[in-house]
Each structure stands twice: as structure tokens, then as C-alpha cells.
Amino acid sequence: MSDRFRNFAAGYSLFMHIVDFILFLVFTGGIVLMGSSFFRRKSTSDDFMSAGRSIPGWVVGMSIFSTYVSSISYLGYPGKSYAGDWNAFVFSLSIPIASWIAARWFVPFYRRQTSVSAYGFLERRFGSWARWYASACYLLTQVSRTGAIIFLLALPMNLLLGWNLNAVILVTSFAIILYSMMGGLRGVIWTEAVQGFIMIGGAIACLGVLLFSMPGGPGQAFSIAWDAGKFSLGSFGSQLGESTFWVCLVYGIFTNLQNYGIDQNYVQRYHTARSMRDAKFSALFGGYLFIPVSAVFFLIGTCLYSYYYVNPWQLPAEGLKADFVFPYFIVQQLPTGMTGVLIASVFAAGMSTVATSLTSSSTIVLTDYYQRIVKCPAESGKLLVLKLSGVVIGLLGAAVALVLVNVNSILDTWWKLSSVFSGGMLGLFLLGFMARRVRNVDAAVGVISGVFVIACISADTYLGLPETGIHEYLAIVFGTMTIFLVGFVMAKLFAPHKC
């Protein structure tokens, strides 16, 4: 009897895996087909990069939201609140400030530009070096971001079917490269709008299961977490070397100003909206929607803590890294069918962001490098460069994902990498945008000084320098401030004055 029961249990478990796998394939396969369906044999490079400037505002806004909610958010935020508290949620609270500034000043500014590149302005203001510097920093940031997202995409499939993590990373990368390069930005934006609804629905459904799986009901999840201090937003002290409330808030303001103000992922979307009003609405809609959704992700991690606090035997004896806990719950505890849908929603979160990075990065390669080297290139040549560069960026991202397999916290790692690779681009942009008298040499000295400050804060241990006592998150803050202040002061002291 026991053998027959074990055989039945094994067969039933296999059946559940098959059902979940089929649902996962239906959802993700549908997304790939939808994105690929926008392929047009006679498409132009402008249509590939700006979608004919005909997308409704709510669709663009949903695309901005989906770009922001990557698998870093979907799995990294729950992992962060599961292992700690809601300190990282303070980052989300800074987004309304950045999105309002974007709608007020950045969107009109970029809509008036003739180039779809976010960095053409820097060349007109400070020369070609500024454009190359900013675009190179952007490409490095996107490669590291793509790698982190693809790695987190592979985790649920590894836990669900036991597939080799490296193999899942490579297959996933191929699928995203395929539909993003076939459909161009138009295909990416419309699929992102659909993916956004899948993401939100999946997160809310999982939170509901978690809350009502508690023996004492939803209230028990909150009381356990509250007693453990899981809802803390961090210390309100003035320490710069710790991840306090203020450190996270200031980091978030500077990072999101950079996202909305000079990140090609966002700037390119401003150009796709069919009107100025739609473009402004998209910036506000995408930013404000992220706050409640990110709160759901943090609440999932908090409820996971409470759930495993009362059900500790359901965790593996060898333990799990924080980033693995949510996908483990999805695979082990959710009802048949919902597991497949949730994994599809995790994939939707990551696929949308990676597809955005690929199309935006390929746009930068074309506009900031290829078209500057090859004068009057043929349309077929421009399309070929767009698609080949997207493939290369995707493969580099997959390589980074393979390296990140042994990293403990993807969210921490990504925030540190973004601070380093962004290289104070925001400071250079603000210098050109706000300080009219700053010359090329002033800006160049400011950038060199800012990069040095970033290196000292981010890599003081590796460079053999004394510890700065400043948290790595603040590298982008102090780097940006240094670039702006050094450039501004030099212009005041050394620029020739008009009589």
C-alpha cells in the first residue's frame, strides 16, 4: 500500500508540475508571440526606435511602470523585507518627486529635441566627449541591470522543474532577444502594457494566498511582523555609513531623477507618446503606480516571514538565501495552476525590463556611435545595427547573469552597481541644463572629480584607500553633487566675464 501511495504521490506531483508548466508556457509564449507580431518587413529605424510617435499615454505609462517593476522588484523586494524590514521601501517614496519634475520640465525638454537619444543635448552643450561618456555609462548600467534581471527570472524555473540555472538563463535570454528585436519599441511597449496587468494581478493573488494561509488569519501575519519590527522604515539618524531612512530617501531622489531625466529607457518613451499631454501623463502614471505595487511586494516578503515563523518545517533544512524564499513559496505552497501563473508574472516583470534595455541600448549604439562614424548610412544598415547591437547587449547581460549566481542579495548588488556605472551622469546633465556659463573644460574637470569621488566611496577597500564612512548608496549622490559644484565653481572663477 505504501508503495502504491508513493507512486500516486509522485504521479500527482508530476501532474501539478505539468499543469503549471503548461500555464507558464501559455502566458510567456503568448507574450513572445505578441511582441513578435509587431514585426514589419518594411519597418524603418525611426519606427523601431520611437514607434511612430503614436502610442496612447496610458499605454506608455504602463510601459514605464513595467520597465520599473523588473524581477529585481518582484523577487528582490520580498527578499529584502523577508530578511530585514521596509527600509528599502523608502526608495519608492521618492518616485513621486522625480516623476513630477519629469512631467514639469524633462518631458517638454526632450519632446522639443530632434534626436531620440537622451545624450544629444550633452554633445551640443559640452562637446562629443560628454555624449560618449554618458552613453558609455548608460550601456554599462544596462548590461549589469539586464544580468541581474535575467538571473532572477531563472530562479523560479530552477526551483519548479529542477532545470540547470545556467541553461535557463541562456534560453530566457534568447526568447527576450527574439521578440524585442523583431517587434521593435512598438512591440515592446504594447507587450509591457499587458505584462503590467499580469504582474499586478499575480502579486495581489499571491499576497491573498499568503494572508489567508496563516492559522490565525491575516491579522496574525501583521501581528507577528509588527512584533519583530519588520515594518520599520529604518533609523532616522544622521549616520551616512548606514542605510537609514534619509540615506535611502536621498539615494532614491537622485537615482529616480537620473532615471526620469537622462535614462534612455524613459526618455525614449517620451518620444513615443502621440502628444505632449500624453507624454506628461505617462511619466506621472508610471511613477505613481509603482508606489502601491512596490508596497505589495514588500508586504509579500513581510508575510513570508510570518508564514515561515509559524511553519518553520516547510523551509528546507539547509536554509535559503533571501532572494530564493519567494520563488520557493511560489513553487512549494501555491495551489496547482497558480504556481504557473505566478512564475509567468515574474517572467513578465523581467522580460519587459530586459526588452526595454535591449531596444534602448541598441538605439544608443546607433545614434551615439554608428551614425557619428558612418555619415548618411542606408536605412537597411541602420536597422541591421539596431538589431545586432541588441543581440550583443542581450548576450552580455546573460554573461553577467551567470556571474551573479553566487551573489547573496541581488537588490543590494544592483543598487551598488547602478551607483558606480551611472558615473554621475545626472550631475553632468544638471550642469548643462541649469548652469549656462559652464564651459567644456569646467564640465570635464567636474566629471573627473565626480568619478574620483564615486570610486572612493564605492571601492575604497579594493583601492587600498581609507574608509570614507559613507554608504555605497550615496556614491551617486556625492558624485552628482561633486560634478555640479566643481563645474559651477570653475565657471565662476575662471570663465571670462562679459564687460
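Residues numbered from 1 in each chain as written. Predicted model: local features only at pLDDT ≥ 70, side-chain atom pairs only at ≥ 80, totals over all residues. Heavy atoms only, no water.

1. Some remarks on the overall build of the chain
The condition that has to hold: Secondary structure elements follow DSSP: runs of H or I of four or more residues count as helices, runs of E of two or more count as strands, with numbering from the N terminus. Note on exposure labels: buried denotes an accessible area under 20% of the residue type's maximum, exposed denotes more than 50%, and partly exposed covers the range between, all computed with a 1.4 Å probe on protein chains only. Computed by Shrake-Rupley with a 1.4 Å probe, the accessible areas treat only the displayed protein chains as cover when residues are assessed.
Tallying secondary structure elements over the chain gives 20 helices and 0 strands in all. Within the span of the chain, comprising 499 residues, buried residues form 57% of the whole. For the chain, the exposed surface amounts to about 20000 Å²; the carbon and sulfur share of it is 68%.

2. A few points about the side chain of Arg269
We count it as follows: Each polar contact in these results corresponds to two N or O atoms within 3.5 Å; when the atoms are within protein, one needs to be able to donate a hydrogen and the other to accept it, and residues that are neighboring in sequence are counted only if both atoms are side-chain atoms. Should any heavy atoms of two residues lie within 4.5 Å, those residues are counted as being in contact.
When you line up the elements, Arg269 lands in helix α12 (residues 264–272). Among the residues examined, Arg269 registers a relative accessible area of 0% and is labelled buried. Only 2.8 Å separates the side chain of Arg269 from the side chain of Thr356, close enough to count as a polar contact. Not counting chain neighbours up to four residues away, the residues in contact with Arg269 comprise Val60, Ser63, Ile64, Thr67, Leu185, Val188, Ile189, Glu192, Thr356 and Ser360.

3. A closer look at the packing of aromatic side chains
For clarity, the threshold we go by: To pair, rings of Phe, Tyr and Trp, with the six-membered ring standing in for Trp, must have centres within 6.5 Å; the planes then decide the type, stacked if under 30 degrees apart, edge-to-face if over 60, and tilted in the middle. Counting as a charge over the ring demands two things of the Lys NZ or Arg CZ atom: a distance within 6 Å of the ring centre and an angle within 35 degrees of the ring normal.
As enumerated under the stated definition, the model contains 31 aromatic pairs in all. Taking 5.3 Å as the distance between ring centres and 65° as the angle between the ring planes, the aromatic pair formed by Trp86 and Phe89 counts as edge-to-face. Residue classification places Phe89 among the buried residues on the basis of a relative accessible area of 9%. Following the ring pairs from residue to residue traces out a cluster consisting of Tyr68, Tyr77, Trp86, Phe89, Phe222, Trp226, Phe231, Tyr260, Tyr266, Phe290 and Phe298. Directly above the ring of Tyr305 sits Lys230, whose terminal nitrogen or CZ lies 4.4 Å from the centroid.

4. A look at the nonpolar core
Rule in force here: Definition of nonpolar core: a set of buried residues of the types Ala, Val, Leu, Ile, Met, Phe, Trp, Tyr and Cys, connected through side-chain atoms within 4.5 Å.
In this structure, Tyr260 and Tyr270 are the most contacted members of the largest nonpolar core, which totals 148 residues. The biggest single contributor to this core is helix α9 (residues 165–212), with 20 residues. Not counting residues up to four positions away in its chain, the partners in contact with Tyr270 are Ile64, Ala102, Val107, Tyr110, Arg111, Tyr260, Ala279 and Ala283.

5. Points about helix α19 (residues 440–458)
Inclusion rule: One less than the residue count of a helix, multiplied by 1.5 Å, gives the span that helix is expected to have.
Taking 1.5 Å per residue as the helical rise, α19 with its 19 residues ought to reach 27 Å, and the 27 Å between its terminal C-alpha atoms agrees with that figure. All of the buried residues along α19 are Asp442, Ala443, Gly446, Val447, Gly450, Ile454, Cys456, Ile457 and Ser458.

6. Structural notes on the pattern of salt bridges
What counts is decided by this rule: Any Lys or Arg side-chain nitrogen located within 4 Å of an Asp or Glu carboxyl oxygen qualifies as a salt bridge.
One pass over the full model with this rule turns up 6 salt bridges. The partner of Glu192 in a salt bridge is Arg269, with the nearest N and O atoms 3.1 Å apart. One end of the pair, Glu192, is in helix α9; the other, Arg269, is in helix α12, and 77 residues separate them in sequence. Where Asp442 meets Arg439, a salt bridge forms, and the shortest distance between an N and an O atom there is 2.9 Å.

7. Remarks on α12
In terms of burial, α12 is largely enclosed, as 9 of its 9 residues are buried. Restricting attention to buried positions, one finds in α12 the residues Gln264, Asn265, Tyr266, Val267, Gln268, Arg269, Tyr270, His271 and Thr272. Taking the backbone nitrogen of Asn265 as reference, a side-chain oxygen 2.8 Å away marks Asp263 as the first, capping residue of α12.

8. Regarding the state of the cysteines
Defined as follows: A pair of sulfur atoms, both from cysteines and within 2.5 Å, is called a disulfide here.
On inspection of all chains with the given rule, the structure shows 0 disulfides. Cysteine Cys206 shares no disulfide, and the gap to the nearest cysteine sulfur, in Cys303, comes to 9.6 Å. Owing to a relative accessible area of 0%, Cys206 belongs among the buried residues under this scheme.

9. Regarding the confidence of the model for the chain
To keep things clear, this is the line we draw: You can read pLDDT as the predictor saying how much it trusts each residue, on a scale of 0 to 100.
Taken as a whole, the chain shows an average pLDDT of 82; of its residues, 88% reach a score of 70 or greater. Every residue in residues 1–15 is under pLDDT 50, and counting partners more than four places away or in other chains gives 1 contact.

10. Observations regarding the packing of helix α3 (residues 57–68) against α9
Note the threshold: Between N-to-C directions, angles cover 0 to 180 degrees, with each direction set by a line fitted to C-alpha atoms, over the stretch in contact for helices. Crossing handedness is defined as follows: a turn of the near helix away from the far one that is anticlockwise and smaller than a right angle gives a left-handed crossing, while the clockwise case is right-handed. Under this grouping Gly is polar, as are all residues other than the nonpolar Ala, Val, Leu, Ile, Met, Phe, Trp, Tyr, Cys and Pro and the charged Asp, Glu, Lys and Arg.
Close contact between α3 and α9 brings their axes to 8 Å; oriented N to C, the two are set at 65°. When the axes of α3 and α9 are compared, the crossing they make is left-handed. Along the contact surface, α3 presents Trp58, Val59, Met62, Ser63, Phe65, Ser66 and Thr67, while α9 presents Ile189, Trp190, Glu192, Ala193, Gln195, Gly196, Phe197, Met199 and Ile200. For the contact of α3 with α9, the class distribution of residues is 10 nonpolar, 5 polar and 1 charged.

11. Section: the environment of Leu185
Examined against the element boundaries, Leu185 turns out to sit in helix α9. Excluding residues within four positions of it along the chain, Leu185 makes contact with Phe48, Met49, Ser50, Gln268, Arg269, Thr272 and Thr359.

12. Here's the deal with the environment of Ala491
Summarising the element assignment, Ala491 is placed in helix α20 (residues 475–494). Put simply, Ala491 and Arg439 are 52 residues apart on the chain and 6.8 Å apart in space, counted from C-alpha to C-alpha. What Ala491 contacts, discounting residues up to four positions off in sequence, is Arg437, Val438 and Asp442.

13. Examining a nonpolar patch on the surface
Going by this rule: What makes a patch is a set of residues exposed beyond 30% relative accessible area and free of salt bridges, joined within 9 Å when like-charged and within 5 Å when nonpolar (Val, Leu, Ile, Met, Phe, Trp, Tyr).
A contiguous nonpolar patch, built from Phe488, Val489, Leu493 and Phe494 and spanning about 410 Å² of accessible area, is present on the exposed surface. Its location among the elements puts Val489 in helix α20.

14. Remarks on the side chain of Ser99
Following the sequence through the fold, Ser99 ends up in helix α6 (residues 95–111). We classify Ser99 as buried; its relative accessible area is 0%.

15. Focus: the environment of Val392
Turning to its location among the elements, Val392 is positioned in helix α16 (residues 379–403). As for Val392 and Ser362, which are separated by 30 residues in sequence, their C-alpha atoms are 9.0 Å apart.

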